[in-house]
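Residue-level structural notes
Listed below, chain by chain, are the residues.
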There are 2 protein chains.
Amino acid sequence: MEGRINLDPFFYPNSVAVFGSFKPGAIAYEILRNVMEGGFEGKLIPVNPKGGNVEVAGRRFEIRKKLDEPVDTAIIAVPARIVPALIDGIGHLIKGAVVISAGFSEVGNEELERELVEKARKHGVRVIGPNCAGVFGVHGKFFGSFEVRVKPGGLTLVSQSGAFGGAALAMGNDEGIGFSAFVSYGNAADLNESDFLEYFADDPNTRAIALYIEGVKNGRRFLKALRYATSKKPVIILKAGKSASGARAAASHTGSLAGSYEIYRAAFKQTGAIEVEEMEELFDAAKAFEMYEKAGKRVAVITNSGGPGVLATDKLERLGLGIANLSEETVETLNSFLPPQCSVRNPVDLIADADYERYKRTIETVCRDENVDSILVICVPPIFIPSGEIAKAVIEADCSKPVVVNFMAGELVRGGVRILEENGIKNFTTPERAAKALRWLSQR
Amino acid sequence: MEGRINLDPFFYPNSVAVFGSFKPGAIAYEILRNVMEGGFEGKLIPVNPKGGNVEVAGRRFEIRKKLDEPVDTAIIAVPARIVPALIDGIGHLIKGAVVISAGFSEVGNEELERELVEKARKHGVRVIGPNCAGVFGVHGKFFGSFEVRVKPGGLTLVSQSGAFGGAALAMGNDEGIGFSAFVSYGNAADLNESDFLEYFADDPNTRAIALYIEGVKNGRRFLKALRYATSKKPVIILKAGKSASGARAAASHTGSLAGSYEIYRAAFKQTGAIEVEEMEELFDAAKAFEMYEKAGKRVAVITNSGGPGVLATDKLERLGLGIANLSEETVETLNSFLPPQCSVRNPVDLIADADYERYKRTIETVCRDENVDSILVICVPPIFIPSGEIAKAVIEADCSKPVVVNFMAGELVRGGVRILEENGIKNFTTPERAAKALRWLSQR
């Protein structure tokens, strides 16, 4: 769409300059190291007026005393007070600036922040930050932040809070999430949440957008951007500052007025955004949407243990989903190959000695049932076979409907979970978290 | 109290016989191996009419053809149909029998189960099971089950479902939970949930009891046992079969009538039991009660990052806890040593460069405030110091009020989390899960 800002220089840059101190441990050094270790293939230029050399990730850089050639993006981690002059000096050479430096409006220096924006506008430079943790463009192998690197995938994380973003990236790694991009936008002096929503709505590598916000700058603009983004892909939102005390805390944190939560809530609902209440739910929703676009409400549960099947059923019903009524034909087919001790009602209990074949055939049979929209597969540690066999059954089963998986628990199923993840299937660690994943899929 | 059953032979046995097949992979073999590897120091006797030898954990056993000396407990994993005769044959030599074997009432063989109980009663033998996963008495290093071994601690897990129990033990290991005992009681032909509640209420190694149930055998008895147990220590309950479909699934799983959930709910409330809704919450509550007996509702939040502090605040308020109003004196003291960019309101934001000293002094100052009942400490990965430093601050701070900790996330704080755990402090992986922990503590 016309008028939309092209943020490729930030997320798919061909050339990057980093400004700051390159002593090990310093922010600019850590960012340079992260960009190098992440395998960035474009031009990379460290800049510091003192010059000298720096070695990172086995490569020795000469530190330039000034930038003297055009680059897509400058990452700036110099003292706040010299940022406006720096941007004025290099503005003709850059398209975008990521200002990591803190010490602007978040500590009352509104004037300095205004100056920064003014110098950038003068040169047509777009700015992310200041007071931010930087950006990742994962599919372009560009890790322009000191935060922990992540695996490539479909989730873009847009976070007002840098620290939240960093923690979420690290947790995302543990949860098996793949990322397409990350941006921590800090004070949002120039570019803000709405710009990122619009840009990533059209980014082909992004399957879902996760947004952490405390408050927004411009409500009407946000609503428009959110509506556009949700028309293209799922937008998962964690809104902080919902309670009275939380809103007060948010105000003192980002200076942003959190505003009435009820207004936000109505906006999320109206636009079809997926609102989650907890950090962990953000991951569960993200995992679900990395795999599937959506799912219907009639769920079939397949398990090798009764108890967890009951827990999943309880949660599904509580979340407003339905336990699918299996057709006569499905029940007959299941009866034809399952041992008599199994339960062929939904949840289908394959009992403890269920193996590859039993899982695979059951998934395929249930998947063909017109009354079934999606499948929740539960596997507690099988005693006589490795969990990897069950993982293979899930992967190799011929089924085109969404299948959400709960292998539990811990070390006993790690082998199976690894095989699942290698094949793009995310694991949910409890029956209830798997049920929640299906709930969010049903909201699209 | 008089009339209460002494279950020490099951959970603190001096001598154990295992009956079944000792081929690697067979249930009896796996149990023998687990008992040996777990370091059991009592007498251990494998029994199988075929005799022979078996080597486990570096020790070679002669398999006895029959049991010919008294032992505290027999663990039985032989075919169901020969169990009653076996118990009749060894009843004079044993105090308790753990019957792992399946194939009794859960598949319609009520008659065989009655016979089992009758033979046991004849000899005054108490029975756990049949159709169960066995028992652990962790402080006596007795791992009488094929389930994964666990670290010693304060939680006793009583589970109607064996598979749920096994999965929960494995997840408990991941969550850093320490266990005092575990029992999977299966069909509850003799001993049931009420017996275990009463026994563990008086067990000095058990600080909290976690109970997974689908249904109970005798409602009145259960209510009495639950009331007694909750008078002694926290009882955390996860009730499965709450929804209509869940109750149906439970009926086909354990054959137990799940009954109206409303009645259970009222009973839990009346007795002061802590009811949780999800498996994960069971762990969070267990972790909280392994550390503390209870906590008041006025919470102080201390963080090095605004965003997670806001999320914690939102959740605390939503759960009905309060954000403590710090006294004038506390605010003054904090202002005297904290940098001006920090926020001394609750949540107290120590900002990104907070170190050992800043955390320690803040915890101690806030802890002295009479308006504060408990403290939630949040730490996102500190950039310039290892997370272990913050962990030490938490451990070494002079504070006698409950402190609940949320270090996040992932690999970045693993060092700090390890140090916390070595010092008996459990970590909660998100601000919201830490908030929930405080909520359960406030319900005692």
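You'll find the structure just up there.
This section reports on the structure supplied with the text. Remember, it's a predicted structure, so these values are computed and weren't measured experimentally. (Residues numbered from 1 in each chain as written. Chains lettered and ligands numbered in written order. Predicted model: local features only at pLDDT ≥ 70, side-chain atom pairs only at ≥ 80, totals over all residues. Heavy atoms only, no water.)

Some points on the overall build of chain A
Check the secondary structure of chain A and you find 16 helices and 19 strands. Whereas a compact globule of 444 residues would reach a radius of gyration of roughly 22 Å, chain A reaches 25 Å, a difference of no more than 12%. Taken along the three principal axes of its C-alpha coordinates, chain A extends 80 × 50 × 40 Å. Burial analysis of chain A (444 residues in total) assigns 64% to the buried set. Relative to all contacts within chain A whose residues are 6 or more apart in sequence, the contacts with residues 24 or more apart total 72%. Working note: accessible area of chain A is about 16500 Å², and carbon and sulfur atoms make up 47% of it. (Helix = DSSP H or I, 4+ residues; strand = E, 2+ residues; numbered from the N terminus. Rg over C-alpha atoms; globule rule 2.2 N^0.38 Å. Buried < 20%, exposed > 50% of the residue type's maximum accessible area, 1.4 Å probe, protein only. Contact = heavy atoms within 4.5 Å. Areas by Shrake-Rupley, 256 points an atom, 1.4 Å probe, with all protein chains shown as cover.)

Considering the pairing of strand β5 (residues 71-77) of chain B
Residue and element names in this part refer to chain B. When you tally the buried positions in β5, you get 6 out of 7 residues, the bulk of the element. Sheet topology places strand β1 (residues 15-20) next to β5; 5 bridges connect them, and they run parallel. What sits directly across from Gly 20, in β5, is Ala 77. Summarising the sheet, β5 and strand β6 (residues 94-99) pair through 5 bridges and their orientation is parallel. Within the sheet, the bridge partner assigned to Ala 74 lies in β6 and is Ala 97. Once you follow β5 into helix α3 (residues 83-90) and on to β6, the crossover reads as right-handed. (Pairing = 2+ DSSP bridges. Right-handed = clockwise from strand over helix to strand, strands pointing away.)

With respect to the sheet that holds strand β11 (residues 179-184) of chain B
Residues and elements named next belong to chain B. Taken in spatial order, the 7 strands make up an open sheet running β9-β8-β11-β10-β12-β13-β14, and their pairing is mixed. In the strand order of this sheet, the two ends are held by β9 (142-145) and β14 (274-276), each with one partner. Averaged over all pairs of adjacent strands, the angle between their axes in this sheet comes to 20 degrees, without regard to strand direction. As paired strands, strand β13 (residues 235-239) and β14 are joined by 3 bridges and run parallel to one another. By the bridge assignment for β14, Ile 237 is matched with Glu 275. (Axes fitted to C-alpha atoms, helices over the stretch in contact; angles between N-to-C directions.)

Things to note about the environment of Leu 112 of chain A
All names here are of chain A. The residue Leu 112 is located in helix α4 (residues 110-122) in this model. Take Leu 112: its relative accessible area is 15%, and that puts it in the buried class. The spatial distance from the C-alpha of Leu 112 to the C-alpha of Ala 80 is 8.1 Å, given a sequence separation of 32 residues. With residues near it in sequence (within four places) discarded, Leu 112 still touches Ala 80, Arg 81, Pro 84, Gly 103 and Phe 104.

Some points on the sheet that holds β5 of chain B
Residue and element names in this part refer to chain B. Taken in spatial order, the 5 strands of this open sheet run β2-β1-β5-β6-β7, and their pairing is parallel. Sheet topology places β2 (43-47) and β7 (126-128) at the edges, where each strand pairs with a single neighbour. Neighbouring strand axes in the sheet, compared pairwise and without regard to direction, differ in orientation by 20 degrees on average. Relative to β2, β1 runs parallel, the two being bridged by 5 bridges. Note on β2: the bridge partner recorded for Ala 17 is Ile 45.

Observations regarding helix α16 (residues 431-442) of chain B
Residue and element names in this part refer to chain B. The end-to-end C-alpha distance of α16 is 17 Å, a good match for the 16 Å that 12 residues give at a rise of 1.5 Å each. Most of α16 sits out of view: 11 of its 12 residues are buried. Pro 431, Glu 432, Arg 433, Ala 434, Ala 435, Lys 436, Ala 437, Leu 438, Trp 440, Leu 441 and Ser 442 are the residues of α16 that are buried. (Expected span 1.5 Å × (residues − 1).)

Some words on the relation of the copies chain B and chain A
Superposing chain B onto chain A takes a rotation of 180 degrees combined with a translation of 0.0 Å along the rotation axis, leaving an RMSD of 0.0 Å. Such a combination of rotation and displacement between the chain copies is what one expects of a two-fold axis. By C-alpha distance to the rotation axis, the residue of chain B lying nearest is Glu 280 of chain B, at 5.6 Å. A symmetric contact is evident, with 100% of the interface residues of chain B recurring at the interface of chain A. (Least-squares fit on C-alpha atoms with pLDDT ≥ 70 in both.)

A look at the side chain of Glu 30 of chain B
Residue and element names in this part refer to chain B. If you trace the backbone, Glu 30 turns up in helix α2 (residues 27-37). A polar contact of 3.3 Å, which involves the side chain of Glu 30, links it to the backbone nitrogen of Gly 25. For Glu 30, the side chain forms a polar contact with the side chain of Arg 33, separated by 2.7 Å. When sequence neighbours within four positions are dropped, the list of residues in contact with Glu 30 reads Pro 24, Gly 25 and Phe 146. (Polar contact = N/O pair within 3.5 Å; in protein donor to acceptor, adjacent residues only side chain to side chain.)

So, the packing of helix α10 (residues 279-291) of chain B against α16 of chain B
All names here are of chain B. As a packed pair, α10 and α16 sit with axes 9 Å apart at the nearest point and diverge in direction by 65 degrees. Note that α10 runs across α16; the crossing there is right-handed. Seen from α10, the contacting residues are Glu 280, Glu 281, Asp 284, Ala 285, Ala 288 and Phe 289; seen from α16, they are Arg 433, Lys 436, Ala 437, Trp 440 and Leu 441. Here the residues of the contact of α10 with α16 sort into 6 nonpolar, no polar and 5 charged. (Left-handed = near helix turned anticlockwise from the far one by under 90°. Nonpolar A, V, L, I, M, F, W, Y, C, P; charged D, E, K, R; others polar.)

Notes on the interface of chain B and chain A
A common way to express how large an interface is: the accessible area buried when the components associate. Opposite the 64 residues of chain B that make contact, chain A presents 64 residues. Together, the buried faces of chain B and chain A total about 4600 Å²; carbon and sulfur atoms form 62% of this surface. Joining chain B to chain A, the criterion identifies 12 salt bridges. Residues Arg 318 of chain B and Glu 277 of chain A are paired through a salt bridge, measuring 2.8 Å at the closest nitrogen-oxygen approach. Where chain B meets chain A, there are 26 residue pairs in polar contact (both at pLDDT 80 or more). Ranked by residue count, the leading element in the side of chain B that touches chain A is helix α11 (residues 306-318) of chain B, at 9 residues. Here the residues of the side of chain B that touches chain A are counted per class, giving 27 nonpolar, 18 polar and 19 charged. (Buried area = accessible area lost by both parts, 1.4 Å probe. Salt bridge = Lys/Arg side-chain N within 4 Å of Asp/Glu carboxyl O.)

Observations regarding the packing of helix α14 (residues 387-396) of chain B against helix α15 (residues 414-422) of chain B
Residues and elements named next belong to chain B. Two elements in contact, α14 and α15, have axes whose closest approach is 7 Å; the angle formed by their N-to-C orientations is 25 degrees. As the angle between them shows, α14 and α15 are arranged roughly parallel. The way α14 lies across α15 gives a crossing that is right-handed. Facing Ser 387, Gly 388, Ala 391, Val 394 and Ile 395 of α14, the residues of α15 in contact are Gly 415, Gly 416, Ile 419 and Leu 420. Of the residues in the contact of α14 with α15, the class split is 5 nonpolar, 4 polar and no charged. (Parallel < 35°, antiparallel > 145°, perpendicular 65-115°, else oblique.)

Some thoughts on the environment of Asp 174 of chain A
For Asp 174 of chain A, the location among the structural elements is in helix α5 (residues 162-175). As a C-alpha pair, Asp 174 of chain A and Ser 442 of chain A span 268 residues in sequence and 25 Å in three-dimensional space. Non-local contacts of Asp 174 of chain A, meaning those with residues more than four positions away in its chain, are made with Gly 410, Glu 411 and Arg 414 of chain B.

A look at the side chain of Thr 73 of chain A
All names here are of chain A. If you trace the backbone, Thr 73 turns up in strand β5 (residues 71-77). Only 2.7 Å separates the side chain of Thr 73 from the backbone oxygen of Pro 9, close enough to count as a polar contact. Aside from chain neighbours lying at most four places away, what touches Thr 73 is Pro 9, Phe 10, Ser 15, Val 16, Ala 17, Gly 96 and Val 98.

Comments concerning the pattern of salt bridges
Opposite charge on two side chains allows them to pair when their charged atoms are near. Counted under the stated rule, the structure contains 62 salt bridges over all chains. Close ionic contact of Asp 72 of chain A with Lys 95 of chain A constitutes a salt bridge, the shortest N to O distance being 3.1 Å. Remark: Lys 95 of chain A occurs in strand β6 (residues 94-99) and Asp 72 of chain A occurs in strand β5; sequence separation between them is 23 residues. Note that Glu 278 of chain B and Lys 436 of chain A form a salt bridge whose closest N and O atoms lie 3.2 Å from each other. Placement of Glu 278 of chain B in the loop between β14 and α10 and of Lys 436 of chain A in helix α16 (residues 431-442) is noted, with the two residues assigned to different chains. Taking relative accessible area as the criterion, Glu 278 of chain B reaches 6% and is therefore assigned buried. Judged by relative accessible area, which is 8%, Lys 436 of chain A ranks as buried. Look at the salt bridges and you will find they share partners, linking Glu 175, Glu 280, Asp 284, Lys 287 and Arg 433 of chain A together with Glu 175, Glu 280, Asp 284, Lys 287 and Arg 433 of chain B into a network.

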